[in-house]
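Chain and residue survey
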Amino acid sequence: EEAKARKLWAEGRTWRGEKIHLKQNGERITVEATVSVLHNAEGEAIGHLGVMRDIGERLLAQRALEEAGRQKDHFLATLAHELRNPLSPIMNGLQLLEFAQDDPRTMESTRAMMQRQLDHMVRLVDDLMDVSRINRGKLELRKRTVDLHHTLTMAVEAALPLIEENAHTLVEHIVQDPV
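**Points about the packing of helix α2 (residues 56–84) against helix α4 (residues 104–135)**
Following both chains from N to C, one finds α2 and α4 inclined at 165 degrees, their axes separated by 10 Å at the closest point. Taken together, α2 and α4 sit at an angle that is classed as roughly antiparallel. Of the two possible hands of crossing, α2 and α4 adopt the one that is left-handed. For the pair α2 and α4, contact is made by Phe75, Leu76, Leu79, Glu82 and Leu83 and by His120, Met121, Leu124, Val125, Leu128 and Val131, respectively. In terms of residue class, the contact of α2 with α4 is made up of nine nonpolar, one polar and one charged.

**Observations concerning the nonpolar core**
Core analysis: the largest hydrophobic core is formed by five residues, namely Ala5, Leu8, Trp15, Ala33 and Val35. Mapped onto this core, the elements with two or more residues apiece are α1 (2–10) and β2 (28–39). Look past the residues within four positions of Leu8 in its chain and what remains in contact with it is Arg13, Thr14 and Trp15.

**Re the pairing of strand β1 (residues 15–22)**
Direction of pairing for β1 relative to β2: antiparallel, over a ladder of eight bridges. Opposite Arg16, over in β2, you have Thr34 as the bridge partner. Hairpin connection of β1 to β2: five residues between the antiparallel strands, including Gly26 at a positive phi of 95 degrees.

**Section: helix α3 (residues 87–99)**
Taking 1.5 Å as the rise per residue, α3 with 13 residues should run 18 Å; its terminal C-alpha atoms sit 19 Å apart, in good agreement. Where α3 is concerned, the buried positions are Pro89, Ile90 and Gly93. Within α3, the buried residues cover an arc of 100 degrees as seen down the axis, which keeps them to one side. In this structure, α3 carries Met91, Glu98 and Phe99 as exposed residues pointing more than 90 degrees from its buried face.

**Regarding the pattern of salt bridges**
Counted by the stated rule, this structure contains 11 salt bridges. Lys7 is the salt-bridge partner of Glu11, the closest N and O atoms lying 3.3 Å from each other. The exposure class of Glu11 is partly exposed, given its relative accessible area of 41%. Of the residues examined, Lys7 reaches a relative accessible area of 55% and is grouped as exposed. Between Lys72 and Asp73 there is a salt bridge, with the nearest N and O atoms lying 3.9 Å from each other. The exposure class assigned to Asp73 is partly exposed, which follows from its relative accessible area of 47%. Salt bridges sharing common partners tie together Glu18, Glu32, Arg53 and Arg58.

**Comments concerning the sheet that holds strand β3 (residues 45–54)**
One open sheet holds the three strands; their spatial order is β1-β2-β3, and the pairing between them is antiparallel. Among the strands making up the open sheet, the edge pair consists of β1 and β3. Here the strands of the sheet are splayed against their neighbours by 35 degrees on average, with no regard to which way each runs. By the bridge criterion, nine bridges tie β2 to β3 in an arrangement that is antiparallel. Paired with Val35 across the two strands is Gly50, which belongs to β3. Most of the contacts of α1 go to β1, to which it runs at about 135 degrees, and overall it touches β1, β2 and β3. The strands touched by α2 within the sheet are β1, β2 and β3, with β2 carrying the most contacts at an inclination of about 125 degrees.

**Section: the confidence of the model for the protein chain**
The pLDDT averaged across the protein chain works out to 86; a share of 100% of its residues lies at or above 70. Here α1 stands out as the least confident element of the protein chain, with mean pLDDT 78; β2 is the most confident, with 90.

How each quantity is defined
Residues numbered from 1 in each chain as written. Predicted model: local features only at pLDDT ≥ 70, side-chain atom pairs only at ≥ 80, totals over all residues. Heavy atoms only, no water. Axes fitted to C-alpha atoms, helices over the stretch in contact; angles between N-to-C directions. Helix = DSSP H or I, 4+ residues; strand = E, 2+ residues; numbered from the N terminus. Parallel < 35°, antiparallel > 145°, perpendicular 65-115°, else oblique. Left-handed = near helix turned anticlockwise from the far one by under 90°. Contact = heavy atoms within 4.5 Å. Nonpolar A, V, L, I, M, F, W, Y, C, P; charged D, E, K, R; others polar. Core = buried A, V, L, I, M, F, W, Y, C linked by side-chain atoms within 4.5 Å. Buried < 20%, exposed > 50% of the residue type's maximum accessible area, 1.4 Å probe, protein only. Pairing = 2+ DSSP bridges. Expected span 1.5 Å × (residues − 1). Arc of directions from axis to C-beta. Salt bridge = Lys/Arg side-chain N within 4 Å of Asp/Glu carboxyl O. pLDDT = per-residue confidence, 0-100.

This is the structure:
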């Protein structure tokens with residue numbers, strides 16, 4: 001970088017760049033520097049004029065924005081994945097309904113499963129809307145009790161297509177009593 005600056009100065013041009021500057025108190029800071037060649041009335045180079053501006057806060061803010069962008073991208077990728085998960089049981093349910101027209105019990109359990117998966121998707125979309133509310137400072141936290149049996153049943157239903165697809169075995173021991 002120094003060789004480039006010397007070449008520019010030799011050509012009578014200005015050098016601009018970022019560098020680490022050591023302050024008199026020993027603190028190291030990142031600065032944006034501009035160094036120009038000073039000329040006398042005859043056009044001869046007689047020195048240099050340097051201006052430095054501390055850009056540490058700007059760099060910290062830039063890094064924070066980059067991290068926020070990475071977190072947003074991760075959140076959106078996770079949300080997209082989570083939105084796709086309920087679609088498999090719903091698609092399987094639609095196919096099952098075609099074959100189970102003469103079996104009201106199968107039709108009702110399939111319809112109930114599809115409704116739960118659709119409810120799950122609605123909650124995920126609501127979560128996405130909550131991100132907007134969080135960013136605007138308008139999110140209200142509501143604490144409530146949830147039924148663990150229901151939550152686990154929904155989780156198993158969501159995972160079942162992947163379990164079957166990969167020929168895995170799931171053993172569940174869910175108590176029927178409210179938890």
